[in-house]
Amino acid sequence: MSTLSSRPRGSRVESDVTKADLDWENLDFGYHKTDFNIRFTWRNGAWDEGELTASEILPLHMAATCLHYGQECFEGLKAFHTKRGDVVVFRIDENARRLGVSCRKIHMEPVPEDMFIDAVERVIKANLKYVPPYGTGASLYVRPIVLGTGPQVGVRPADEYLFMVFVTPVGPYFKSGFKPVHLVVEEEVDRAAPLGVGDVKVGGNYAAGLRASINAKKKGFTEVLYLDAKEKRYLDESGPANFFGITKDGQYVTPASPSILPSITNKSLITLAEELGLRPQRRPVDVEEIFDFQEAGCCGTAAVITPVGSITYRDRKVVYSKDGRPGRYCVELYQRLRAIQLGDMPDKYGWVHRVVQA
Ligand code: PLP
Ligand code: COI
């Protein structure tokens, strides 16, 4: 492993690093090689200090529990350059906490929250040239992952864990960017069961949804909208993001469900919706309600806010955007969220965490 010593936390780092030669405005949401990732091992009851490495390859025991019993969970957050040149991340404390919840739910060793924050800071500082410049619309996507690496053959938790964080510069999750997408209500595939693991960020949930997502794309839709697996009546979420609707009388409605991921973006939008005079409601949302919304959107770290242009449910289709343009509430929520993330609006809720000072 080639290593790089870490700098003390909160230190000044030159923000005028030469940026990587990338087409920042046209980045896709994909893997783009950077210089370093960071890895920590939990062995004999303790986490080590972690080490930055340039290797993109993992040495892994073939009987590691992540490979056959799905002991794997992850997170997703974004780093941005602000106008004044700082590098910031959004609500990192929430991601740190949620990773702990995911680890505990599938009997993995939880990553201490301060170690999570330290790891993300170290890996961002080691890859500053890949943090997209302010104004490009791109961001540095941060992907923390925990894996059961200890070998087992019986169904048991591993006795060794790997926590690693890699980064990749990204553009919008949906190719269209901030343009309305087209969803189809999924009835043949369940993503997650009410008492299962749909409320945590484990890889199996995404594997479970792949066939639905691929089928929907073949039929010309952008993504699916899942229903609750028990009654097939209430909205859950989309494959990669939470869902919200804006009612004609000004409510921001988003599903309460035991089988969806508690989105940090959605939690933030609930606060911002109130600022816009919308009334937030987190409650079971009957699928029939889609026909009464004036607007709808998907939200998440990768998806940010993606306006929904139409939803198809069986042989009925509701169209929210006739001219291919996002509705006014989606626009206002998007602009407010982005402005806070990029430091263009005061961070009155303390959501922005500075990693590097300009
Ligand atoms: N739902 C799913 C299934 C997700 O993968 C994500 C992405 O993290 C979200 C919702 C949105 O969560 P967040 O806003 O915390 O990124
Ligand atoms: C995120 O939004 O960070 C996610 O992890 C969603 C994923 C499907 C890209």
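Structural data are supplied above this passage.
Residues numbered from 1 in each chain as written. Chains lettered and ligands numbered in written order. Predicted model: local features only at pLDDT ≥ 70, side-chain atom pairs only at ≥ 80, totals over all residues. Heavy atoms only, no water.

Undergrad: An account of the site of ligand 2 is needed here, citing residue identities and associated values.
TA: Near ligand 2, the surroundings consist of F29, F74, G76, Y141, R143, Y173, K201, Y206, P240, T301 and A302. With respect to ligand 2, the side chain of Y141 contributes an N or O atom lying 2.4 Å from an oxygen atom. Here an oxygen atom of ligand 2 sits 2.6 Å away from a polar atom, N or O, in the side chain of K201. If ligand 2 stood free it would expose 280 Å²; the protein chains cover 89% of that surface. (Near = heavy atom within 4 Å. Polar contact = N/O pair within 3.5 Å; in protein donor to acceptor, adjacent residues only side chain to side chain. Areas by Shrake-Rupley, 256 points an atom, 1.4 Å probe, with all protein chains shown as cover.)

Undergrad: Talk me through the site of ligand 1; I want residue IDs and the actual numbers.
TA: Of all residues adjacent to ligand 1, which total 16 residues, the nearest are Y206, E237, S263, T265 and T301. For ligand 1, the accessible surface in isolation is 380 Å², of which the surrounding protein chains cover 97%. Those elements giving two or more residues to the shell around ligand 1 turn out to be α5 (264-275) and β15 (293-300). Of the residues assigned to the shell around ligand 1, the class counts are 6 nonpolar, 6 polar and 4 charged. (Helix = DSSP H or I, 4+ residues; strand = E, 2+ residues; numbered from the N terminus. Nonpolar A, V, L, I, M, F, W, Y, C, P; charged D, E, K, R; others polar.)

Undergrad: Give me the nonpolar core: which residues, what numbers.
TA: Residues F116, I124 and F163 are the most contacted members of the largest nonpolar core, which totals 45 residues. Counting residues per element, this core draws most heavily on helix α3 (residues 113-126), which supplies 8 residues. When residues no more than four places from it in sequence are discounted, the contact partners of I124 are A79, V87, V89, V131, L140, V142 and V355. (Core = buried A, V, L, I, M, F, W, Y, C linked by side-chain atoms within 4.5 Å. Buried < 20%, exposed > 50% of the residue type's maximum accessible area, 1.4 Å probe, protein only. Contact = heavy atoms within 4.5 Å.)

Undergrad: Which residues make up helix α2 (residues 92-105), and what values go with them?
TA: With 14 residues, α2 extends 20 Å between its outermost C-alpha atoms, agreeing within 8% with the 20 Å of an ideal straight helix rising 1.5 Å per residue. For α2, the complete set of buried residues consists of I92, E94, N95, A96, R98, L99, G100, S102 and C103. Directly after α2, the chain includes H107, whose backbone phi takes a positive value near 55°. (Expected span 1.5 Å × (residues − 1).)

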